[in-house]
Amino acid sequence: MRDHVDRMSWRRHVLWGWLLAFLFVGLAAPAAPASPSFVARCELEGVVDAGSGAYLTDCVKRAEDGGASALLVRLDTPGGSLDATRTVVRAFLGSRVPVLVWVGPSGSRAGSAGVFIALASNVSAMAPGTNIGAAHPVGLGGEDVEQVGGEELARKVENDTVAFAEGIARQRGRNPEWAAAAVRDSASVPADRAVELRVVELVAPTEADFLSAVDGRRVEVANGDTVTLATREARVVSLEPGLSQRVVHALAQPSLIYLLFLVAALGLVVELSHPGAVAPGLIGCVALVLALMASATLPVRSGALVLMLVGVGLILAELFVTSGLLGAAGVGLLILGGVFLVDRFEPGWFVEPSFRLSWGVMLPTALVFAGTAAFIAYRSAQTRKLPQRGGDAGLVGEAGTALGLVTPSGGEVFVHGERWRAVSFTPIREGARVVVRAVEGLTLTVAESMP
């Protein structure tokens, strides 16, 4: 019994010894430095489409999961899809991480749908020489909604967009009157005026200046908590888009869709007219798949695609007819298809009028396409005037050598790299030079060539 008590006492002494040792080490060791904060960064440059919208939404999630102190978004956009814009706005308003939007560098813009994205941020800044606004709903060709869809549709689209802009502005404490004016009257203001109107908070020449200026500012995030920004010395970590997001965003260009459909039509028509060429068909199929992917990101008219396909067919038909009329008609259809390619009015899109298929792309492309076809047709016409070089007729006039005695009853000659049965009206000795006068089946009629 005594031994048992001694063992228990010894164990208690050892335990207390270890506890004291750990306590001493903990007090003596320096405190571990706090992990430095970092700011996640992403960019929206170009159209707000399905690809860029998914990228920005993903950036919010990655910033939250990574423990970022804030998400910095560099913005330069002419606008884009309203569905994609709403997705981005929902992500910004529901973010547990403060979202900072900087419109820059100088010369950039937050146009049309970009207004909603800037309004949805916790803090916004603009570089000198930038502008924000012009969010009035227009078609992709720049037409007013009322001119295209009628007064009732115009009022419906406008009122819905105004309510959307005002709701965002009120939630973020910005100027709802200006937000409504940006939609109703296409109001657009430069950076300094945007600060005066409480559209954005700051004018910042660079991202670093923006992060330094907002350091210590208190903002409210989605869960109702108030967060103090610690961005002055924060490390900036760029969040890159995924491959699919890059591809979808890169394809959302009317000019690229136009070129892809032309290449697809040309490749497939050439393959159908010359079966077995393989390369034109393969290139055409790849271009067609890319064009269909691109058309899913923009409102594209199927009728315009048919016009372009017929135009390509007429230009190729010109290669065989060489009348000039088919080629001219094909060029006209290519241009007409380009004009109607992107839907002139799509209520789900809010972009500046400059976003469309420009004449600077359509005309040179169609003219180069037609000029190439005209050159090929011209060379083909010249080729038809040349004497035939292939087949039986191509052997007439060819020179060769008699492989033995050639008589009216027969003989052999070597012509065009081959041995032929030959006849001659006058005997020709072996080794003499001969010239082909006629071809009948596999027999050549030859005559002795004069030296």
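Treat the numbers as computed from the prediction; the structure is a model and nothing was measured. The residue numbering used here restarts from 1 in each chain and proceeds along that chain's sequence as written. Local features in this predicted model are restricted to residues of pLDDT 70 or higher, and side-chain atom pairs are both shown and tallied only at a pLDDT of 80 or more, whereas totals for entire chains, interfaces and linings draw on every residue. Each side-chain value is derived from all of the structure's non-hydrogen atoms; neither hydrogens nor water enter the calculation.

So, on to the confidence of the model for the chain. pLDDT is defined as a per-residue confidence score from the predictor, taking values between 0 and 100. Of all residues in the chain, 78% have pLDDT values of 70 or greater, and the mean over the chain is 80. Whether two residues touch is decided by their heavy atoms; if any such pair falls within 4.5 Å, the residues are in contact. This model gives residues 1-8 a pLDDT under 50, and the stretch forms zero contacts once residues within four places in sequence are excluded. The low-confidence segment residues 139-150, where pLDDT is below 50, has 27 contacts with residues more than four positions distant or belonging to other chains.

This paragraph deals with the side chain of Thr-407. Secondary structure elements are taken from DSSP: a helix is a run of H or I of four residues or more, a strand is a run of E of two residues or more, and numbering for both begins at the N terminus. Within the secondary structure, Thr-407 is located in the loop between strand 14 (399-402) and strand 15 (412-415). Exposure is judged per residue with a 1.4 Å probe applied to protein chains only, and the accessible area is read against the type maximum: over 50% gives exposed, under 20% gives buried, and values in between give partly exposed. Look at Thr-407 and you get buried, because its relative accessible area is 17%. Reaching out from Thr-407, the side chain makes a polar contact with the side chain of Ser-409 at a distance of 2.8 Å. Dropping the residues within four chain positions of it, Thr-407 is found in contact with Ala-422, Val-423, Ser-424 and Pro-427. For this analysis, a polar contact is any N or O atom pair within 3.5 Å, provided that within protein one partner can donate a hydrogen and the other can accept it, and provided that sequence-adjacent residues contribute only side-chain to side-chain pairs.

Okay, the pattern of salt bridges next. Any carboxyl oxygen of Asp or Glu within 4 Å of a side-chain nitrogen of Lys or Arg constitutes a salt bridge here. Summed over the entire model, instances satisfying the criterion amount to 15 salt bridges. Here Arg-174 and Glu-201 are joined by a salt bridge, their closest N and O atoms 2.9 Å apart. Placement of the pair is Arg-174 in the loop between helix 6 (151-171) and helix 7 (176-184) and Glu-201 in the loop between helix 8 (191-196) and strand 9 (202-203), with a sequence separation of 27 residues. Measuring nitrogen to oxygen at the nearest pair gives 3.2 Å for the salt bridge that ties Arg-246 to Glu-240. Using a relative accessible area of 48% as the deciding quantity, one classes Glu-240 as partly exposed.

So, about the sheet that holds strand 1 (residues 38-45). Being paired, for any two strands, means DSSP has found at least two bridges between them. A sheet is described by the order of its strands in space; here six strands give the open sequence 9-6-4-2-1-12, paired in parallel fashion. Every interior strand has two partners, whereas the edge strands, strand 9 and strand 12 (235-238), have only one. As defined by bridge partners, strand 2 (residues 70-76) adjoins strand 4 (residues 99-103) across five bridges and the pair is classed as parallel. Each bridged residue has a counterpart across the sheet, and for Leu-72 the counterpart in strand 4 is Leu-100. Packed on one face of the sheet, helix 2 (residues 50-66) meets strand 1 and strand 2 and runs near 180° to strand 1. Between the N-to-C directions of two axes lies an angle of 0 to 180 degrees, each axis being a line fitted to C-alpha atoms and, for a helix, fitted only over the stretch in contact.

Another aspect to go through is the sheet that holds strand 14. The strand order around the closed barrel formed by five strands is 14-15-16-18-17, and the pairing between neighbours is mixed. In this sheet, adjacent strand axes meet at a mean angle of 55° when their direction is disregarded. As defined by bridge partners, strand 14 adjoins strand 15 across three bridges and the pair is classed as antiparallel. Across the sheet, the residue bridging to Ala-402 is Val-413, located in strand 15.

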